[in-house]
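Working through the structure, step by step
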Amino acid sequence: MENKLLVPFDFTPVTEKALAFAVETAKIIDAQIVLLHMVGDSDKKSDALQRLDEVIANKKDVGIPMSAMVNVGDIFDGIGEAASQINAMMVFMGTHGMKGLQYVFGSNAMRVVTKSEPPFVIVQENSKITGIDEIVVPVDIQSEEKQILKFVSAAAKTFHAKVFLIAAHHKDEWLRNSVIRNLQFSKKYLAEQGIQFETKMATGEKDFHQEVVDYGKEVEADLICIINHNKSSMSNLFGNNFDQNMITNQEGIPVMVYNAKDFKRIVDIFAQYFDFG
């Protein structure tokens with residue numbers, strides 16, 4: 001199976017950042033990269049394709065096979081359709097913060113993720129692309145919090161990374177005990193997989209997304225992994241803006257997002273390298 005990474009590209013610095021992250025990942029998992037540009041009508045396809053070819057020509061030295069793809073449509077449906085068309089393993093996308101509707105920002109980015117199957121790695125203009133050595137994973141009460149550990153542990157093995165778990169704080173005793181049980185499961189699972197990890201309990205003094213970001217800054221995280229529940233029947237206990245706040249975090253830490261119902265899809269990403277157990 002050919003490993004393909006999709007990078008939506010609009011010739012802005014933030015999509016260059018997304019491409020840089022894709023390149024670093026492709027080197028590890030032996031993947032090729034497809035640059036995607038969306039246009040409003042077919043008359044613009046030729047010019048866009050020429051510009052993408054120029055970008056690819058300037059990236060020859062990185063040693064990663066790249067190809068260009070120009071589709072007609074909008075980003076909300078087009079990125080997901082392109083990912084399905086090439087059977088992309090992951091999508092690396094840049095978000096421009098809150099600059100305007102013409103950009104892929106906040107809620108727009110989550111709409112794109114929700115309409116797509118592969119996991120997304122979302123970067124910002126202030127993201128630092130230095131590889132993946134530290135991965136932060138929020139732990140809550142949902143069963144998917146356990147599922148993501150299979151992906152995180154395989155990614156940690158692939159990139160020789162350390163995992164940092166941060167458990168949510170709840171005032172309700174039942175919820176609090178549920179989080180503790182999930183955290184205990186997480187620690188046991190990572191230990192069995194031979195993954196280096198540390199844990200931290202959120203204090204509840206700030207919104208959980210902010211505590212996650214603060215922890216990411218503290219440990220100099222290269223990636224935060226979260227679940228998008230918008231596509232499932234589950235609701236996010238921390239409100240509909242939790243995922244959006246994470247992907248637009250002020251520290252610019254790249255965030256990997258996967259849809260709760262598409263878990264099997266991402267399990268297959270690193271299955272060729274490791275036995276999940």
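These numbers were taken from a predicted model, which means no experiment stands behind them.

**A few points about the overall build of the protein chain**
The secondary structure content of the protein chain amounts to nine helices and 10 strands. For the protein chain, with 277 residues in total, the buried portion stands at 55%. Sequence separation of 24 or more characterises 80% of the internal contacts of the protein chain that already satisfy a separation of 6 or more. Surface accessibility of the protein chain: about 12,600 Å² in total, with carbon and sulfur atoms responsible for 47%.

**Focus: the pairing of strand 4 (residues 90-94)**
Burial runs high along strand 4: five of the five residues are buried. Residues Met 90, Phe 92 and Gly 94 of strand 4 are buried on one face, and the alternating residues Val 91 and Met 93, pointing to the opposite face, are buried as well. Relative to strand 4, strand 1 (residues 4-8) is paired through two bridges, and the arrangement is parallel. The residue of strand 4 that forms the bridge with Leu 5 is Met 90. The pairing of strand 4 with strand 5 (residues 120-123) spans four bridges and is parallel. Bridge pairing in strand 5 links Phe 92 to Val 121.

**With respect to the confidence of the model for the protein chain**
Fine structural detail should not be taken from predicted coordinates in areas where pLDDT scores are low. Taken as a whole, the protein chain shows an average pLDDT of 84; of its residues, 82% reach a score of 70 or greater. Within the model, pLDDT remains below 50 along residues 231-239, and this stretch shows 25 contacts once partners closer than five positions in the same chain are excluded. A low-confidence stretch, residues 273-277 (pLDDT under 50), is modelled with 19 contacts involving residues beyond four sequence positions or located in other chains.

**A few points about the packing of aromatic side chains**
Evaluated as defined, the whole model comprises four aromatic pairs. With a centroid separation of 6.1 Å and an interplanar angle of 80°, the aromatic rings of Phe 164 and Tyr 215 are classed as edge-to-face. With Phe 164 in strand 7 (residues 162-167) and Tyr 215 in helix 7 (residues 208-218), this pair connects stretches of sequence that are 51 residues apart. The class of Phe 164 is buried, set by a relative accessible area of 6%. The ring of Phe 11 has Arg 51 sitting right over it, with the charged end atom 3.9 Å from the ring centre.

**Comments concerning the side chain of Gln 124**
Tracing the backbone shows Gln 124 in the loop between strand 5 and strand 6 (134-139). Engagement of the side chain of Gln 124 in a polar contact is seen with the backbone oxygen of Ile 247, the distance being 3.3 Å. If we ignore the near neighbours within four places in the chain, the residues touching Gln 124 are Val 14, Lys 17, Thr 95, Ile 247, Thr 248, Asn 249 and Gly 252.

**Focus: the sheet that holds strand 3 (residues 66-72)**
If you walk across this open sheet you meet the 10 strands as 3-2-1-4-5-10-9-6-7-8, and the pairing is mixed. At either margin of the open sheet sits one strand with a lone partner, and together these are strand 3 and strand 8 (197-201). Neighbouring strand axes in the sheet, compared pairwise and without regard to direction, differ in orientation by 25° on average. Across the sheet, helix 6 (residues 173-192) lies against strand 6, strand 7 and strand 8, angled at about 170° from strand 7, the strand it touches most. Strand contacts of helix 7: strand 6, strand 7, strand 8 and strand 9 (223-228), with the helix running at about 150° to strand 7, the strand carrying the most contacts.

**Notes on the pairing of strand 1**
With five of five residues buried, strand 1 is to be regarded as a mostly interior element. Side chains Lys 4, Leu 6 and Pro 8 of strand 1 all project onto a buried face; the interleaved residues Leu 5 and Val 7 project onto the opposite face, where all are buried too. Two strands pair when backbone bridges link them, and strand 1 and strand 2 (residues 32-39) are joined in this way by five bridges, in the parallel orientation. Across the sheet, Lys 4 pairs through a bridge with Gln 32, a residue of strand 2. For the segment spanning strand 1, helix 1 (residues 13-29) and strand 2, crossover handedness is right-handed.

What counts, and where the lines are drawn
- Residues numbered from 1 in each chain as written.
- Predicted model: local features only at pLDDT ≥ 70, side-chain atom pairs only at ≥ 80, totals over all residues.
- Heavy atoms only, no water.
- Helix = DSSP H or I, 4+ residues; strand = E, 2+ residues; numbered from the N terminus.
- Buried < 20%, exposed > 50% of the residue type's maximum accessible area, 1.4 Å probe, protein only.
- Contact = heavy atoms within 4.5 Å.
- Areas by Shrake-Rupley, 256 points an atom, 1.4 Å probe, with all protein chains shown as cover.
- Pairing = 2+ DSSP bridges.
- pLDDT = per-residue confidence, 0-100.
- Phe/Tyr/Trp six-rings, centres within 6.5 Å; stacked < 30°, edge-to-face > 60°.
- Lys NZ or Arg CZ within 6 Å of the ring centre and 35° of its normal.
- Polar contact = N/O pair within 3.5 Å; in protein donor to acceptor, adjacent residues only side chain to side chain.
- Axes fitted to C-alpha atoms, helices over the stretch in contact; angles between N-to-C directions.
- Right-handed = clockwise from strand over helix to strand, strands pointing away.

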